[in-house]
Amino acid sequence: MTEDVRPDPARRTRRNETPEERADRRWTELIQEIRVAQTGVQILLGFLLTVVFTPHFQELEQTDKTIYIITVVLGSLATGALIGPVAFHRIVSGRRIKPQAVVWASRLTFLGLVLLLATLTFALFLILRVATHDGYVPWLVSGVLAWYLVCWFGLPLWARTRYTNGDDDPADRTS
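Rules and cut-offs
Residues numbered from 1 in each chain as written. Predicted model: local features only at pLDDT ≥ 70, side-chain atom pairs only at ≥ 80, totals over all residues. Heavy atoms only, no water. Helix = DSSP H or I, 4+ residues; strand = E, 2+ residues; numbered from the N terminus. Buried < 20%, exposed > 50% of the residue type's maximum accessible area, 1.4 Å probe, protein only. Contact = heavy atoms within 4.5 Å. Axes fitted to C-alpha atoms, helices over the stretch in contact; angles between N-to-C directions. Parallel < 35°, antiparallel > 145°, perpendicular 65-115°, else oblique. Left-handed = near helix turned anticlockwise from the far one by under 90°. Patch = residues over 30% accessible without salt bridge, like charges linked within 9 Å, V, L, I, M, F, W, Y side chains within 5 Å. Areas by Shrake-Rupley, 256 points an atom, 1.4 Å probe, with all protein chains shown as cover. Salt bridge = Lys/Arg side-chain N within 4 Å of Asp/Glu carboxyl O. 1 Å grid on protein atoms, 1.4 Å probe; cavity = no way out; pocket = protein on both sides within 12 Å on 5 of 7 lines; lining within 4 Å. Points joined across faces, edges and corners; volume = space filled by probe spheres on them. Nonpolar A, V, L, I, M, F, W, Y, C, P; charged D, E, K, R; others polar. Polar contact = N/O pair within 3.5 Å; in protein donor to acceptor, adjacent residues only side chain to side chain.

**Considerations on the side chain of Asp64**
Reasoning step 1: Note on placement: Asp64 falls in helix H2 (residues 62-92).
Reasoning step 2: You can call Asp64 buried: its relative accessible area is 2%.
Reasoning step 3: Among all residues touching Asp64, those that are not within four sequence positions of it are Leu126, Arg129 and Val130.

What follows is the structure, given as structure tokens:
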């Protein structure tokens, strides 16, 4: 008599994948998302780190230097959060906790995106403030921030409520 080696159907999702297969898929998707965000934040942070060494930096008002420092710190925090999932995976790899690792990596990625949003907002504010010294800068930056919020959070949340019926797999809600 042969032994049935098929996975328990009760453990399979609507995509017909086991929890381990789902964790592998979610990890692959997450890493692709992180690559995009990491590239952007690293280029931005690299540029920001060079600004302090330019002669013009010393001529900035103290307020602008403070905004710059906040921007660099936010960019550093975003970089840490977006690289964190890679280190997390490396440290726990082989410990059979990939589903939990995916959840934590997803949380770090979301935090990294929020910090990247703040970094971009502060960088834009600093650049426009130094370039124009005009009173409309906060309004312009607020408009761009609103656009980021719509693109990054509003539209996905709208699509999520519009096109899902709430019976999605609870294991997929954290990513």
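**What about the packing of helix H3 (residues 98-132) against helix H4 (residues 137-163)?**
What describes two packed helices is the angle between their axes and the distance between those same axes.
Reasoning step 1: Running from N to C, H3 and H4 cross one another at 155 degrees; their axes reach a closest spacing of 10 Å. The angle between H3 and H4 falls in the class roughly antiparallel. Read as a crossing pair, H3 and H4 show a hand that is right-handed. Where H3 abuts H4, its residues Phe110, Leu113, Val114, Leu116, Leu117, Leu120, Thr121, Leu124, Phe125, Leu128, Arg129 and Thr132 lie against Val137, Pro138, Leu140, Val141, Val144, Leu145, Tyr148, Leu149, Trp152 and Phe153.

**Section: a nonpolar patch on the surface**
Reasoning step 1: Taken together, the side chains of Ile69, Val73 and Leu77 present a nonpolar region at the surface, about 270 Å² in accessible area.
Reasoning step 2: With respect to the element layout, Leu77 can be found in helix H2.
Reasoning step 3: Judged by relative accessible area, Leu77 falls into the partly exposed class, the value being 46%.

**What to know about the layout of surface pockets**
Reasoning step 1: Volume-wise, the second largest pocket comes out at about 190 Å³.
Reasoning step 2: For the lining of the second largest pocket, the elements supplying multiple residues, two or more each, are helix H1 (19-51) and H3.
Reasoning step 3: The residue makeup of the lining of the second largest pocket, split by class, is 9 nonpolar, 2 polar and no charged.

**Section: the side chain of Thr71**
Reasoning step 1: Structurally, the position occupied by Thr71 is in helix H2.
Reasoning step 2: With relative accessibility at 0%, the residue Thr71 sits in the buried group.
Reasoning step 3: From its side chain, Thr71 meets the backbone oxygen of Ile67 in a polar contact 2.7 Å long.
Reasoning step 4: Excluding its chain neighbours within four sequence positions, the residues that come into contact with Thr71 are Leu48, Thr119, Phe122 and Ala123.

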